[in-house]
Amino acid sequence: MRPALPVGIVGYGGYVPRYRLPASEISRLWPSGGEDGPVSSKAVPGLDEDTVTMSIEAARNALDRAGIDPAQIGAVWVGSESHPYAVKPTSTIVAEAIGAVPHVLAADWQFACKAGTEALQAALGLVGSGMVRYGLAIGMDAAQGKPSDALEYTAAAGGAAILVGPAEEAVARCEGSVSYVTDTPDFWRRPGRTYPEHAGRFTGQPAYFAHSLAAARELLAELGWRPDELAHAVFHQPNVRFPTQAGQQLGLSRQQMALGLLSPEIGNAYAGSSLLGLVAALDGAAPEQRILQVSFGSGAGSDAFGWITTPLLPERQQLASTVRDYIARQRQIDYATYLRYRGQIVME
Amino acid sequence: MSSSSHWRTRRQRLALVGEQCPHCQAMLFPPRDICPSCHGPAKEPYHYGGVGSVYSFSEVYTAPDAYEHYAPYVVALVQLEEGPLLTAQLTDVEPEDVYVGMPVEMVTRRLRAEGPEGLISYGYKFRPVPERVAAH
């Protein structure tokens, strides 16, 4: 898929909260036979943070890099599976905070961990059809894992905002995108339930790998790109093993995956995961480099994007905090503090 | 906070929008109808940059309703670089690390929620200006 008009990323910004829960704290509470956790630590939101507040900060970073008047933004879309309200949009609060109201499309998107890239594809289409000049797509989550469940090690917080606009203003041009979707029941949450359910090992081959690799291969074939021509590749990161193996199966080197692989340090940012990896890659990329980005959302589907960075990138990289700045800004917490920050301690 | 006051204060809470008096140029926050300096009508919105420093602060142990779960926390008088002095909670900082003159920047965070069924109120807080790691 490719929009009618050339479009790209004119501004981008990530956000990772300050607190880290080491995997050793979870295994201390819930010993499971001495296995190492799937990540070394995960990012945890503070007491006053949620998908709204984190989206606002990422959006402000994207605007700082783009340097445009926020009133020119024609769409603010937030993809998440942890919107603070069941009914009342996250996107209107974000749009108000960044000064994009009132002449703006605003909506919340839902597709498990690919809600953010779904919003990004729609923004590429809306800008690429000429309906709006700029569209802001955000993927952000403050994920909850059931205590003692394997997901508790990885369910983390963070995400990114991507401001889509005309290609001539872009730091990275969109060369094309592919979606690959089937009805695959690997992970779900019913209304009113606090924690998601998952199908254990079924989340691997039929879900994550089948969709991620199919989308990646189809996009590379459409664009005529060989894997060795990619400077950077970013996958959805539910743990460290899945994206690493997906990269290996595509023939990618450790170096091609290095900039965008964040899960070892922050866990799985759900709808924010591959977008945050893309932002980390943009933070460190040079002009005229090819970037492959592949999301995955349970239920299930993958969106793949081919980006080529432009000469405008270097001057905008330092106009806002980088993902590495946020990762370096960390304070480790223990399991009791984690429960307090996640609202699990009943006060009344 | 009622729905009406929530709605009325949305721009000052979420985007730090105050006023600049069109008569005497006084910088005002929060916005008000009459300029306290020259008593003329003040209606010109001004979008503050959100950068300032800690003018004074106090650590709160006995918190008001809906803020108990934050205690202990720091409330500060923050002097914006444009001039106004405002009261706000500090966040992402340990109380022992706060000092008068500390450079801070505005962030939008959860202020309070009206129980599990009511509105969630978002608004400005301030945090230490984050350090930047070296460029790649």
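Details of the structure are given in the entry above.
As a starting point, this report considers the structure included with it. (Residues numbered from 1 in each chain as written. Chains lettered and ligands numbered in written order. Predicted model: local features only at pLDDT ≥ 70, side-chain atom pairs only at ≥ 80, totals over all residues. Heavy atoms only, no water.)

## Details of the overall build of chain B
Helices and strands together make up the secondary structure of chain B, namely 2 helices and 8 strands. Secondary structure elements of chain B occur, N-terminal to C-terminal, as α-α-β-β-β-β-β-β-β-β. C-alpha atoms of chain B, sized along the principal axes, occupy 45 × 40 × 35 Å. Residues classed as buried in chain B amount to 43% of the 136 residues present. Counting contacts in chain B only where the partners sit at least 6 residues apart, residues at least 24 apart contribute 47% of the total. In the structure as shown, chain B presents an accessible area of about 7100 Å², 53% of it carried by carbon and sulfur atoms. One finds the centroid of the 12 positive side-chain charges in chain B at a distance of 9 Å from the centroid of its 16 negative side-chain charges. (Helix = DSSP H or I, 4+ residues; strand = E, 2+ residues; numbered from the N terminus. Buried < 20%, exposed > 50% of the residue type's maximum accessible area, 1.4 Å probe, protein only. Contact = heavy atoms within 4.5 Å. Areas by Shrake-Rupley, 256 points an atom, 1.4 Å probe, with all protein chains shown as cover. Lys, Arg positive; Asp, Glu negative; His and termini not counted. Charge placed at Lys NZ, Arg CZ, Asp CG, Glu CD.)

## Observations regarding the sheet that holds strand β4 (residues 51–60) of chain B
On the basis of which strands lie adjacent, the open sheet formed by 5 strands has the order β6-β5-β4-β7-β8 (chain B) and antiparallel pairing. Two strands lie at the open edges of the sheet, namely β6 (85–89) and β8 (120–128) of chain B, each paired on one side alone. When strand polarity is set aside, the average angle formed by the axes of neighbouring strands in this sheet is 30°. Across the sheet, helix α2 (residues 51–66) of chain A touches β7 (103–113) and β8 of chain B, and the angle it forms with β7(B) is around 150°. (Pairing = 2+ DSSP bridges. Axes fitted to C-alpha atoms, helices over the stretch in contact; angles between N-to-C directions.)

## A word on the interface of chain B and chain A
Contacts between the two partners involve 29 residues from chain B and, on the opposite side, 32 residues from chain A. Joining chain B to chain A, the criterion identifies 10 salt bridges. Between Arg109(B) and Asp48(A) there is a salt bridge, and its shortest N-O distance comes to 3.1 Å. Put simply, chain B and chain A have 22 residue pairs in polar contact (both at pLDDT 80 or more) between them. Those elements that place two or more of their residues in the side of chain B that touches chain A are α2 (10–15), β7 and β8 of chain B. Here the side of chain B that touches chain A gets 5 residues from one element, more than from any other, and that element is β7(B). (Salt bridge = Lys/Arg side-chain N within 4 Å of Asp/Glu carboxyl O. Polar contact = N/O pair within 3.5 Å; in protein donor to acceptor, adjacent residues only side chain to side chain.)

## With respect to the layout of surface pockets
Residues and elements named next belong to chain A. Reported here for the second largest pocket is a volume of approximately 920 Å³. Taken together, 34 residues make up the lining of the second largest pocket; nearest its centre are Ala150, Thr203, Asn239, Arg241 and Phe242. Counting only elements with at least two residues in the lining of the second largest pocket, the list comes to α5 (204–223) and α6 (241–249). Per-element tally for the lining of the second largest pocket: the top contributor is α5, with 4 residues. Partitioning the lining of the second largest pocket into residue classes produces 14 nonpolar, 14 polar and 6 charged. Counting contributing residues per domain, the lining of the second largest pocket is built from domain 1 (7–172 + 315–341) and domain 2 (176–312), each supplying no fewer than three. (1 Å grid on protein atoms, 1.4 Å probe; cavity = no way out; pocket = protein on both sides within 12 Å on 5 of 7 lines; lining within 4 Å. Points joined across faces, edges and corners; volume = space filled by probe spheres on them. Nonpolar A, V, L, I, M, F, W, Y, C, P; charged D, E, K, R; others polar. Domains from an automatic or database assignment.)

## Here we look at helix α9 (residues 273–284) of chain A
One turn of the α-helix equals 3.6 residues, which is why residues spaced by three or four share an orientation. For α9(A), built from 12 residues, the straight-helix expectation of 16 Å at 1.5 Å per residue is met to within 8% by its first-to-last C-alpha distance of 17 Å. Buried residues of α9(A): Ser273(A), Ser274(A), Leu275(A), Leu276(A), Gly277(A), Leu278(A), Val279(A), Ala280(A), Ala281(A), Leu282(A) and Asp283(A), and no others. (Expected span 1.5 Å × (residues − 1).)

## What about the pattern of salt bridges?
Residues and elements named next belong to chain A. Applying the stated criterion across every chain, the model contains 25 salt bridges over all chains. A salt bridge links glutamate 25 to arginine 28, with the shortest nitrogen-to-oxygen separation between them at 2.8 Å. Taken as a pair, glutamate 25 and arginine 28 lie in helix α1 (residues 23–29) at a separation of 3 residues, close to a single helical turn. In this structure glutamate 25 comes out as buried when scored by relative accessible area, which is 14%. In this structure arginine 28 comes out as exposed when scored by relative accessible area, which is 52%.

## Structural notes on the packing of aromatic side chains
All names here are of chain A. Following the criterion strictly, the structure yields 15 aromatic pairs over all chains and no others. Here the aromatic rings of phenylalanine 305 and tryptophan 307 are separated by 5.7 Å at their centres, their planes lie at 10°, and the arrangement is stacked. With respect to class, phenylalanine 305 is no different from tryptophan 307; both count as buried. A network of ring pairs unites the aromatic residues Tyr208, Phe209, Phe242 and Phe296 as a single cluster. (Phe/Tyr/Trp six-rings, centres within 6.5 Å; stacked < 30°, edge-to-face > 60°.)

## Quick notes on the pairing of β8(B)
Residue and element names in this part refer to chain B. Along β8, 8 of the 9 residues are buried, which leaves the element largely enclosed by surrounding structure. Across 9 bridges, the pairing between β7 and β8 is antiparallel. Looking at β8, one finds that arginine 112 is bridged to serine 121. Here β7 folds back onto β8 in antiparallel fashion, the turn holding 6 residues, of which glycine 115 has a positive phi close to 70°.

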